Amino acid sequence: QVQLVESGGGLVQAGGSLRLSCVASGMMFRLFDMGWYRQRPGKQRELVASIDRDGSLHYADSVKGRFTISRDNGKNTVYLQVNSLNREDTAVYCCNAQMFRLTYWGQGAQVTVSS
């Protein structure tokens, strides 16, 4: 059974940082493209950052220069380092794994940025 479990969310002041982690199990992690999505209050879910199985990176314009995605295939884990947070970053952050037509989602981690 495939599981993606996020951790590292929480309440942080504007300008602060967090590191989100997503640990995968039940899958050949290194073969999957991994991504972090977020859903802000009243908004549609959006892709924040992704890292393909070959290491290719993609970032949404709104987070470039502030967020960094990385992966550790030995630990079946993908990370999202989030810096210089602002209130617009308040959202539920979800981990996604994709390979061809297979796609899996984690439950999500709440990140709340206070002013």
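Shown above is the structure to which this text applies.
Residues numbered from 1 in each chain as written. Predicted model: local features only at pLDDT ≥ 70, side-chain atom pairs only at ≥ 80, totals over all residues. Heavy atoms only, no water.

Student: Honestly, the state of the cysteines in this entry has me stumped. Any pointers?
Tutor: A covalent bond between the sulfur atoms of two cysteines is what we call a disulfide. What the rule picks out here adds up to 1 disulfide. Residue C22 pairs covalently with C95 via a disulfide, S to S 2.2 Å. One quick way to see it: the torsion about the S-S bond of C22 and C95 is about -80 degrees, and its sign makes the bridge left-handed. With C22 in strand β3 (residues 18-25) and C95 in strand β9 (residues 91-99), the pair connects residues that are 73 residues apart, well separated along the chain. Take C95: its relative accessible area is 0%, and that puts it in the buried class. Of all cysteine sulfurs in the structure, the one in C95 sits closest to C94, which takes part in no disulfide; the separation is 8.6 Å. Classification of C94 by relative accessible area gives buried; the value is 12%. (Disulfide = S-S within 2.5 Å. Helix = DSSP H or I, 4+ residues; strand = E, 2+ residues; numbered from the N terminus. Buried < 20%, exposed > 50% of the residue type's maximum accessible area, 1.4 Å probe, protein only.)

Student: I'm lost on the pattern of salt bridges in this one. Help?
Tutor: Pairing of side chains with opposite charge becomes possible as their charged atoms draw close. Per the stated rule, a full pass over the model turns up 6 salt bridges. Taking the shortest distance from any N to any O, the salt bridge between R38 and E46 comes out at 2.7 Å. Judged by its relative accessible area of 1%, R38 falls in the buried class. Accessibility expressed as a relative area gives 22% for E46, which makes it partly exposed. The residue R38 makes a salt bridge to D89 at a minimum N-O spacing of 2.9 Å. Taken together, the residues span a long stretch of sequence, with R38 in strand β4 (residues 33-39) and D89 in the loop between β8 (77-82) and β9 at a distance of 51 residues. What emerges from the salt-bridge pattern is a single network uniting R38, R40, E46, R66, E88 and D89. (Salt bridge = Lys/Arg side-chain N within 4 Å of Asp/Glu carboxyl O.)

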